[in-house]
Each structure stands twice: as C-alpha cells, then as structure tokens.
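Inside the fold
Residues per chain are reported as follows:
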Amino acid sequence: MKKYLFLLVLFLAASVVKAQDSLHVKLDSLLQHPMFQTSQVALMVYDLRADTAIYQYNARQLMRPASTMKLITAITALDHLGGDYQLSTRLYTMGTIEEGQLQEDLYCVGGFDPMLTDDDVYAFAQTLHESGILVLKGSVLTDRSMKEPLDYGEGWCWDDDNPKLTALSVGRKDVFAERLIDEMQREGIDVSDVETGEGRCPDGAMQLAVCQHSIDQLLLRMMKKSDNFYAEALFYQLAKAVADRRTAKAADARTAIRHLIRKLGLNDKDYRIADGSGLSLYNYVSAELETRFLRYAWRNPRIYNHLYPSLPIAGVDGTLEKRMRGTAAEDNVRAKTGTLTGISSLAGYCTTADGRPVAFCIINQGVLHNSDGKNFQDRVCKVLCE
C-alpha cells in the first residue's frame with residue numbers, strides 16, 4: 001500500500017512539473033511578440049496554494065501601475081480600516097431647537113464620501129424637519145477640514161478631466177450647502193434668511209444627522225468601474241485613520257502603504273507611492289510588489305472577502321466585461337485593469353485548469369496602442385486558465 005502511495009505522490013509531482021514546464025514554454029513564446037522590440041513588460045505569476053512564484057519576467061522592474069494602483073490602496077485600506085468601515089457625512093449645531101427654531105449655525109461636516117447623492121441630501125432635510133426644526137436662523141456652513149485643501153493628486157496631468165478632491169460634494173460637485181437649503185425649503189423649513197459659507201465645526205457640537213455608506217459600496221464602483229474619485233476618497237479614509245491629526249494628508253496614506261510594504265518583507269524605499277488611484281505619473285511599483293499585495297489579501301479573509309467580490313470578472317462585468325469572452329479565462333479571471341497613455345496593466349486572480357489558485361500581475365509600458373497591451377494580457381490569462 002505504501003508503495004502505491006509513494007508512486008502516486010511521484011506521479012502527481014511529475015504532473016505538476018510537467019504543467020509548469022508547459023506554462024513556461026507558452027509564456028516564453030508570448031514574450032517573443034514583436035511588440036517587445038519597442039515596449040517593456042513585467043510579469044509575475046504566483047501559485048497561492050504552493051506559496052511560490054511559478055513564472056517571473058522583469059518582475060522587479062519599476063513601472064507605472066496605472067489603475068492597478070487601486071489594488072494597493074484597497075488592500076492597505078481594508079487592512080487598516082476593516083470591512084465594516086463606514087464613510088460618514090454629518091450635520092452638527094452648537095444650538096438647541098426652541099419652539100421650532102434653531103438660532104445657531106448648521107455645520108455640514110464632510111467625510112469625503114464620494115457616494116453622497118441628492119437622495120441623501122433629501123434624507124438630511126427630512127431628518128432635520130423630524131427633529132423639530134421649522135425655522136433656521138443661523139447659516140449653513142460647510143466643513144471640509146477632513147482632508148488637506150489639495151484639489152488634485154500629486155503628479156496628475158494638468159489636462160486630465162477629473163473632479164476636485166473635496167471632502168464634501170454631491171455627485172462630485174461642490175453644491176452640498178445649496179442642495180441642502182433647497183431640500184429644507186421643500187420640507188417646509190423656513191430658510192429665507194439663511195446664508196452659506198465655510199466654517200470648521202467646533203468641538204462639543206451636537207450631532208443632528210448622519211449619512212453613511214459602507215466600504216463595500218465604495219469598493220464595488222472603485223474596482224469594477226475603475227473610479228478614480230472613489231479611489232482617492234478611500235486613500236484619504238486611510239490617511240485619516242492612521243494620522244494623529246484632524247486634517248488628513250496624502251502623505252499619511254503613503255506612510256500606511258509603506259508600512260505594509262515593509263510588513264510584506266520588501267524595502268519600501270524601492271518604490272514610489274504618489275496617489276491612491278494610479279493617475280499620478282509619479283507612481284513606481286513592480287509586478288512583484290503588486291503580486292505580494294494580492295498574496296497578502298488572499299491569506300487574510302478579512303481583506304480577501306471584501307476585495308475579491310469587487311474585482312471585474314473577465315467577460316462578465318466592469319472593465320473586463322468585453323475581454324476574454326469565449327476563452328477559458330471568461331468568468332474565471334478576476335482582476336483590476338489599468339490604463340494610462342503608454343501604460344496598460346492587469347493584476348488579480350484566476351484558477352488554473354488543474355484547480356490551482358494563482359495571483360498575477362502584468363504591466364505593459366511604452367505601448368503606443370493600449371489595445372496591444374490588453375491583447376497580450378488576455379493571452380497570458382488564457383494560458384493560465386487552459
């Protein structure tokens with residue numbers, strides 16, 4: 001019996017080696033494409049169950065990640081904030097409601113929630129009315145002090161069409177105070193003498209209302225649709241959580257990411273982290289680094305159980321909806337895409353034909369046509385899944 005078990009182990013080991021040899025041959029063949037005479041590529045494939053890299057090519061070469069940077073942001077944020085984290089927008093006052101009147105100012109404190117909608121503003125107005133406010137005599141003051149007053153991320157192109165990174169907005173527009181006054185008026189609250197302005201909410205103020213959205217809601221759009229505004233919002237949630245100050249700075253989020261890089265056993269000084277979305281031209285990471293982050297997430301269910309459902313599915317949804325259809329990678333690959341001028345990237349997870357879970361990262365740089373990078377990535381994924 002022991003003899004047969006020994007032979008079975010040898011057979012399985014030989015099968016694994018044969019499969020890996022076949023994978024190497026196929027991936028080596030893909031790297032012979034003429035596009036690599038004028039462009040660069042970094043590639044790493046990691047067997048998560050065996051806990052070993054099974055293919056590497058320029059894996060440590062520094063490259064711009066484009067939107068696969070969102071993986072690093074999401075994994076670090078989930079590691080620090082947890083999957084139960086809520087993004088909050090709150091209304092406060094220093095006064096009391098007497099005979100239906102609020103004499104003091106109303107402070108609208110932003111928490112950089114990119115999901116805030118007109119319906120949420122309407123719900124705020126309803127709550128104020130239900131609390132007994134019939135007349136507002138004070139002003140409506142917006143408090144955006146949750147984050148530093150930078151409109152855009154470090155290293156963003158001046159001609160990119162991106163919304164300003166404000167801690168309090170509705171539908172990405174700086175119109176919260178005006179919308180709230182309109183909705184209060186519709187609810188029958190007298191706001192005829194109300195003015196708007198900026199003001200920091202004093203310590204000890206009384207909370208009148210709160211609106212919250214979950215980190216899962218944020219991740220779903222951030223990853224599936226590659227929403228940069230959502231990614232920067234999460235970047236500042238992370239910054240706020242790790243900073244010992246009232247106003248969060250991008251540098252605080254970078255510090256948290258660097259700390260996790262060191263925790264993964266890598267030297268944080270070997271990389272450049274600029275923003276949370278990947279829009280910055282100052283980001284420099286490697287395929288190895290992104291794969292290490294994916295491995296860390298896979299080994300930590302409290303991260304993976306929130307990250308994995310948010311990733312685009314090949315041939316099914318998100319930014320991968322129209323890719324890899326009709327191949328073994330369809331409905332198998334779950335990965336984050338990345339696209340900038342000259343950059344195309346893809347990083348995530350898939351299951352091989354023999355049932356092995358793998359993490360991978362592919363970064364194409366210097367591609368004149370991003371479609372060339374995407375086609376190469378799709379071919380790699382097809383090889384991994386066949």
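What comes next concerns the included structure. These numbers come from a predicted model, not from an experiment.

Conventions adopted
- Residues numbered from 1 in each chain as written.
- Predicted model: local features only at pLDDT ≥ 70, side-chain atom pairs only at ≥ 80, totals over all residues.
- Heavy atoms only, no water.
- Pairing = 2+ DSSP bridges.
- Helix = DSSP H or I, 4+ residues; strand = E, 2+ residues; numbered from the N terminus.
- Axes fitted to C-alpha atoms, helices over the stretch in contact; angles between N-to-C directions.
- Salt bridge = Lys/Arg side-chain N within 4 Å of Asp/Glu carboxyl O.
- Buried < 20%, exposed > 50% of the residue type's maximum accessible area, 1.4 Å probe, protein only.
- Phe/Tyr/Trp six-rings, centres within 6.5 Å; stacked < 30°, edge-to-face > 60°.

The strands that make up a sheet are held in pairs by hydrogen bonds between backbone atoms, and each pair lies either parallel or antiparallel. With mixed pairing, five strands are arranged side by side in an open sheet as β9-β8-β6-β3-β10. For this open sheet the edge positions go to β9 (196-198) and β10 (206-214), each flanked by a neighbour on one side alone. Within this sheet the neighbouring strands show an average axis-to-axis angle of 20 degrees, counted without direction. When strand β3 (residues 86-93) meets strand β6 (residues 106-109), the two strands line up antiparallel, connected through four bridges. When the sheet's bridge partners are listed, Arg90 is paired in β6 with Val109.

Another aspect to go through is the pattern of salt bridges. Counted according to the given criterion, the structure contains 23 salt bridges. Of the charged contacts in the structure, one is a salt bridge between Arg60 and Glu288, with a shortest N-O distance of 3.3 Å. Of this pair, Arg60 sits in the loop between β2 (52-57) and α2 (69-81) while Glu288 sits in helix α8 (residues 287-298); the two residues are 228 residues apart in sequence, bridging distant segments of the chain. Two residues, Asp174 and Arg144, come together in a salt bridge whose shortest N-O distance is 2.1 Å. Taken together, the residues Asp174 in the loop between β8 (140-143) and α4 (176-186) and Arg144 in the loop between β8 and α4 connect sequence positions 30 residues apart. Residue Asp174 is classed as partly exposed on the basis of its relative accessible area, which comes to 47%. Arg144 sits in the buried class, given a relative accessible area of 16%. Residues participating in the shared-partner salt-bridge network are Asp47, Asp354 and Arg356.

Once that is clear, we can look at the packing of aromatic side chains. Tallied over the full model, the rule gives nine aromatic pairs. With a centroid separation of 5.1 Å and 25 degrees between ring planes, the pair formed by Tyr304 and Tyr308 is classed as stacked. By relative accessible area, which is 18% here, Tyr304 ends up buried. For Tyr308, a relative accessible area of 24% gives the class partly exposed. An aromatic cluster is defined as three or more aromatic residues linked by ring pairs; in this entry it consists of Phe112, Phe229, Phe235 and Tyr236.

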